[in-house]
Amino acid sequence: MKKYETVIGLEVHATLATKSKAFCSCSTEFGGEPNTRCCPICTGMPGALPVLNKQVVDYAIAAGLALNCTITKECKFDRKNYFYPDLPKSYQISQLYYPLCRNGSIEIESSEGRKLIGIHEIHMEEDAGKLIHDPTENSTLVDYNRSGIPLLEIVSEPDMRSKEEAIAYLKKLRLILQYLGISNCKMAEGSYRADINLSVRLKGEAKLGTRTEMKNMNSFKAIARAIEEEEKRQIDLLENGKSVVQETRRWDDSKNTSFSMRTKEDASDYRYFPEPDIPPIEISDQWLHIIRERQPELRDEKMARYEKEYDIPTYDAAIITESKFMAQLFEDTVALGSNPKEVANWLIIDLLRLLREEEMDIDEVSFTPSHLCELIEMIEEGTINRTIAKEVFEKMFKDKVDPKEYVENQGLSMVSDSEVIRSEVKKVFADNEKSVSDYKNGKTKAMGFLVGQTMKAMKGKADPSLVNMIVKEMLMN
Amino acid sequence: MKEITSMTALDLGGHIKAKNISVTEAVKAQIEIIKKREPLFNSYITVLEEEAYSQAEEVQKRIDDGELSWSPLAGVPMAVKDNICTKNIKTTSASKMLANYVPTYDATVVSKLKEAGAIIIGKTNMDEFAMGSSSETSYFGPTKNPWNEKHVPGGSSGGSAAAVAGEEAFYSLGTDTGGSIRQPAAYCGITGIKPTYGTVSRYGLIAYASSLDTIGTLGRNVSDCVASLEIISGHDPLDGSSVEKSSYSYTKSLIDDVKGMKIGIPRDYMGDGLDDDIRKSTLEAIEIFRRRGAIVEECDLSYMEYAIPAYYAISCSEASSNLSRYDGVRYGYRTDEYDDIQDLYMNSRSEGLGMEVKRRLMIGGLVLSSDYYEAYYHKAIKIRRLIQESYMKAFESYDLLIGPTTPKSAPAINDSSSDSQKRKLSGMYSSSINLAGLPAVSIPCGIDKSGLPIGLQLIGNHFEENNIIRAAYTFESEMGGRIRNEKI
């Protein structure tokens, strides 16, 4: 059917979650007043020297091991030279000749099944500052808070053939980095961004077509659309007897189209050479051993363990482990004694619904495992019924209420005093004589209506099974 | 008591400790001389008169409180080359680009000097961004040689050498990327030591070529040089290339004895192009070592003829990257004329950087460009390794190597003529040592027929400063202390 095949390679930049910057002791915290998180080193003052933060290497090794890479025994930094106002030294400390990690892979799963995507290399580098254009003043300001924050660049092989595979790869990679605890990968803050290299070729053709590159994409939706449009654009060119130009393109998500930024001819020569200020780093077996010992449980392992240890369905385990945060919430709540399936249900059904409605990220959740545990306990003890519980859960989620206090203060405990219920049923019977006689004439369905009316009259706080029992008993008499 | 300013730094330090002279008196004497001689020599870019007096009071108090008993140079006025950052004090690297640049921090060496109670009396003149060997490329005009003001003091640490030789400072800091401490020390008849790369922190040194740049000291004699080197040496967590050693004690090697030391004379060092007077002085010096019981013999080095091209390829490459930060965006010179960012870069750099600097940056840019990287940069790195290995091999047989510091004494100002043989020799003496990262000292060993001083160079193995210090000290004792400049 399809005549063409799309070939996609991805370069991902992930911000490492180290406390301090890659080459100085400034804080890496996101935001802050402009130019308050910088020093002579990360602003490129004359005479300042970079000193490597070892944690950057620890994190990069962790990523390399998790992605099945070979770790370079003696790795070096190189300078990438170019002029831009956000780059204070006019060179970026990066790695070209001896990147830390090589030849890895990630297994992805898409509608076309499981597939191994090759990792060409992973290298460490530093981020640049941020330019802020002031249109009213017609000037540009620079904030160097981000300058020198460590990044990992993870370069895949051109192994993906569709946008689904590309997205599956990006999601899987993000999850691995998050599980490792080495990057928070917040796309909205730019801490996880991708460059798309894409070419098309006739199916069965062995040679790769001419590729284009789209830089700094930071939402899955935009990436999917950009891939789709670029496939179309390149196929159109080829179909019309034209050829694809090797170039860098900028994706404009609002216009759903991309523009040429620069072609290969006017690409700059970065004059890479070994960084003389940072001695080569020797990665000893002992160092690797330490990192290996420290590696946390990754998603696939966790999923398998949940199914086995907590006896929850694969589907539940998959959803819960899709975010390390939710997995932690799940495990912590279960550890407090709650029933695993019950906890899973609250997270998968109720929590995810609320997150969707409020357009929030999972890591913005502020209730604690003990709150969720208390809530489940109150249901099991019969203090509240499920309807009330859902209301309490929403309050916990939105207003951070303590569930026990809230139930108490709002008087939401279930009424299980049969005398109180009996007097309420009497009133309901009096108001609904027809239903009572209907029941007595054999219309058994009328009982359900009477139970519902009683619950409603008691504002949902009555123990439903008790109400059921009492209504039945009084109808019989 | 001698006149204050003609004392050695250690003598003055002793007198200050003994309360014979107050720090303020020392500063006053020094400032008077500077005021008298600066119009002629131009050793300084910035003289810190006011600061020096206030430092003097502070240091005097610390001395009186007994805080500085460990520091033999407390209260002694000294000079810092102007490519070393001093907090709140203009640091220009002798460039228009940084003519008004005021650092927000002290270089590690400056912090160490302050800790030791040094009085920084001024920032010395130099070749722009340390690129040159005559101090003529300074944006602030050339420095003159105190032995003969028609001659250059050498460079790039020309101001630091002239200040010490002209008694405008008791000792000084210089930097040596390809001979920039040793050559001016030789030209000005003083002692200059360049320690092993990694011994002294480069944090706060405005980089020229990072893998070669080394901070060292210049003094009126070996002891002054060594005492001040001891103050500034040490591992620095702020410099990744700084090396951690168990000891940085050099003064213990001020021993007047070379008996049994094995000294090599590289045959190449004494080749064609060497000035006759210098050859003669060098051979006489060798005889002195023999007489004192050292075993001196000729030896061979290899690849020395490639030291100059390798040095230029590497130093210019690193410089082209190191100096890219001077773009007119954050600090330094910014052009008045620009429409866009490209103009801002081009005009600021064209107007703010001098010719020699631009020439080297262009060479560096070319060497690093993808078309030439393999042919030039890569090859230079290989040669550097071969030169290193050649020295290492020599140090398997010798404790130190000996030779001239320069093939000729100080040339006249504006006389840039130099034949290729001389250039090759000076590359051997100076740059090859930096390429190998070795420690070397230049000490005065005579005066040529035009009345200009001659330097003798002693080269040691990595982190074996002690051998060259001991040999230099012994030689100096034999010569009867420092050579005198009658003009001063």
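This structure is a prediction, so every number in the text was calculated from the model and none was measured.

1. A few points about the overall build of chain A
And then number 1: Per the secondary structure count, chain A includes 15 helices and 16 strands.
And then number 2: Taking 477 residues into account, the globule formula puts the C-alpha radius of gyration at 23 Å, and chain A, at 30 Å, lies well above it.
And then number 3: Its C-alpha atoms give chain A principal-axis dimensions of roughly 95 × 55 × 55 Å.
And then number 4: For chain A, the proportion of its 477 residues judged to be buried stands at 51%.
And then number 5: For chain A, the share of sequence-separated contacts (at least 6 apart) that also reach a separation of at least 24 residues comes to 68%.
And then number 6: Put simply, chain A shows about 23,200 Å² of open surface, and 49% of that area lies on carbon and sulfur atoms.

2. Structural notes on the packing of helix α2 (residues 23-41) of chain B against helix α3 (residues 49-64) of chain B
Residues and elements named next belong to chain B.
And then number 1: At a minimum axis distance of 8 Å, the contact between α2 and α3 shows a crossing angle of 160°. It follows from the interaxial angle that α2 and α3 lie roughly antiparallel. The chirality of how α2 crosses α3 is right-handed. Facing α2, whose interface residues are Val 23, Thr 24, Val 27, Lys 28, Ile 31 and Lys 35, α3 presents Glu 49, Ala 52, Tyr 53, Ala 56, Val 59, Gln 60 and Ile 63.
And then number 2: Split by residue class, the contact of α2 with α3 holds eight nonpolar, two polar and three charged.

3. As for the domain arrangement of chain A
By a widely used convention, the size of an interface equals the accessible area lost when the partners come together.
And then number 1: Partitioning chain A into structural domains gives domain 1 (4-287), domain 2 (298-410) and domain 3 (418-476).
And then number 2: For domain 1 of chain A versus domain 3 of chain A, the distance between C-alpha centres works out to 66 Å.

4. Focus: the sheet that holds strand β12 (residues 212-217) of chain A
Residue and element names in this part refer to chain A.
And then number 1: Overall, mixed pairing links the nine strands, which are arranged β2-β6-β7-β10-β1-β11-β12-β13-β14 in an open sheet. Each edge of the sheet is formed by a strand with only one pairing partner; in this case those strands are β2 (70-71) and β14 (257-263).
And then number 2: Relative to strand β13 (residues 247-252), β12 is paired through three bridges, and the arrangement is parallel. Of the residues in β13, the one forming a bridge with Thr 212 is Glu 247.
And then number 3: Against the sheet, helix α1 (residues 54-66) makes contact with β2, β6 (101-110), β7 (113-126) and β10 (150-156), and its axis sits at roughly 165° relative to β7, the strand it touches most.
And then number 4: The strands touched by helix α2 (residues 163-180) within the sheet are β1 (4-15), β6, β7, β10 and β11 (192-202), with β6 carrying the most contacts at an inclination of about 115°.

5. Brief notes about the sheet that holds strand β4 (residues 78-81) of chain A
And then number 1: If you walk across this open sheet you meet the three strands as β5-β4-β15 (chain A), and the pairing is antiparallel. Looking along the sheet, the strands with just one partner apiece sit at the ends: β5 (91-94) and β15 (273-274) of chain A.
And then number 2: Note that β4(A) and β5(A) share four bridges and pair antiparallel. Counterpart to Asp78(A) in the pairing with β5(A) is Ser94(A).
And then number 3: Strands β4, β5 and β15 of chain A of the sheet are contacted by helix α9 (residues 307-322) of chain B, whose axis makes an angle of about 60° with β4(A).

6. Let's talk about the interface of chain A and chain B
And then number 1: Tallying the contact residues gives 31 residues for chain A and 39 residues for chain B.
And then number 2: Taken together, the connections running from chain A to chain B amount to one salt bridge.
And then number 3: Asp277(A) is the salt-bridge partner of Arg202(B), the closest N and O atoms lying 3.0 Å from each other.
And then number 4: There are 16 residue pairs in polar contact (both at pLDDT 80 or more) connecting chain A and chain B.
And then number 5: A class-by-class count of the residues in the side of chain A that touches chain B yields 21 nonpolar, five polar and five charged.

7. Observations regarding unusual backbone geometry
And then number 1: The linkage connecting Gly155(B) with the following residue, Ser156(B), adopts the cis geometry, with an omega of 5°.
And then number 2: By the secondary structure assignment, Ser156(B) is in the loop between β3 (119-124) and α5 (158-165).
And then number 3: Phi at Cys185(A) is positive, roughly 50°, even though this residue is not glycine.
And then number 4: Residue position: Cys185(A) is located in the loop between α2 and β11.
And then number 5: Even without being a glycine, Lys19(B) presents a positive backbone phi close to 65°.
And then number 6: Position of Lys19(B) relative to the elements: it lies in the loop between α1 (9-17) and α2.

8. Remarks on α3(B)
Residues and elements named next belong to chain B.
And then number 1: Helix length check: α3 (16 residues) gives 22 Å between terminal C-alpha atoms against 22 Å at 1.5 Å per residue, within 8%.
And then number 2: All of the buried residues along α3 are Ala 52, Gln 55, Ala 56, Val 59, Gln 60 and Ile 63. Viewed end-on, α3 has its buried residues packed into an arc of 140°, placing them on one side of the element. In this structure, α3 carries Glu 50, Glu 57, Glu 58 and Lys 61 as exposed residues pointing more than 90 degrees from its buried face.
And then number 3: Check the buried side of α3 and you find it contacts α1, α2 and β3.
And then number 4: Just beyond α3, the residue with positive phi is Gly 66, at close to 80°.

9. Observations regarding the pairing of strand β6 (residues 214-219) of chain B
All names here are of chain B.
And then number 1: Counting buried positions along β6 gives six out of six residues, so the element sits mostly inside the fold.
And then number 2: With burial as the criterion, each face of β6 is covered, one bearing Thr 214, Gly 216 and Leu 218 and the other bearing Ile 215, Thr 217 and Gly 219.
And then number 3: As judged from the six bridges shared by strand β4 (residues 171-176) and β6, these two strands associate in the antiparallel manner. Across the sheet, the residue bridging to Thr 175 is Ile 215, located in β6.
And then number 4: Note: strand β5 (residues 191-194) against β6, three bridges, orientation antiparallel.

10. Quick look at the layout of surface pockets
Residue and element names in this part refer to chain A.
And then number 1: Reported here for the second largest pocket is a volume of approximately 1,600 Å³.
And then number 2: For the second largest pocket, the lining is made up of 41 residues, of which Arg 174, Leu 175, Gln 178, Glu 322 and Ser 323 are closest to its centre.
And then number 3: Of all the secondary structure elements, the ones that give two or more residues to the lining of the second largest pocket are β6, α2, α5 (299-310), α6 (314-321), α7 (324-335) and α8 (340-358).
And then number 4: Looking at the lining of the second largest pocket element by element, the count peaks at seven residues for α2.
And then number 5: Broken down by class, the residue content of the lining of the second largest pocket amounts to 19 nonpolar, seven polar and 15 charged.
And then number 6: Each of domain 1 (4-287) and domain 2 (298-410) accounts for three or more of the residues forming the lining of the second largest pocket.

About the thresholds
- Residues numbered from 1 in each chain as written.
- Chains lettered and ligands numbered in written order.
- Predicted model: local features only at pLDDT ≥ 70, side-chain atom pairs only at ≥ 80, totals over all residues.
- Heavy atoms only, no water.
- Helix = DSSP H or I, 4+ residues; strand = E, 2+ residues; numbered from the N terminus.
- Rg over C-alpha atoms; globule rule 2.2 N^0.38 Å.
- Buried < 20%, exposed > 50% of the residue type's maximum accessible area, 1.4 Å probe, protein only.
- Contact = heavy atoms within 4.5 Å.
- Areas by Shrake-Rupley, 256 points an atom, 1.4 Å probe, with all protein chains shown as cover.
- Axes fitted to C-alpha atoms, helices over the stretch in contact; angles between N-to-C directions.
- Parallel < 35°, antiparallel > 145°, perpendicular 65-115°, else oblique.
- Left-handed = near helix turned anticlockwise from the far one by under 90°.
- Nonpolar A, V, L, I, M, F, W, Y, C, P; charged D, E, K, R; others polar.
- Domains from an automatic or database assignment.
- Pairing = 2+ DSSP bridges.
- Salt bridge = Lys/Arg side-chain N within 4 Å of Asp/Glu carboxyl O.
- Polar contact = N/O pair within 3.5 Å; in protein donor to acceptor, adjacent residues only side chain to side chain.
- Expected span 1.5 Å × (residues − 1).
- Arc of directions from axis to C-beta.
- 1 Å grid on protein atoms, 1.4 Å probe; cavity = no way out; pocket = protein on both sides within 12 Å on 5 of 7 lines; lining within 4 Å.
- Points joined across faces, edges and corners; volume = space filled by probe spheres on them.

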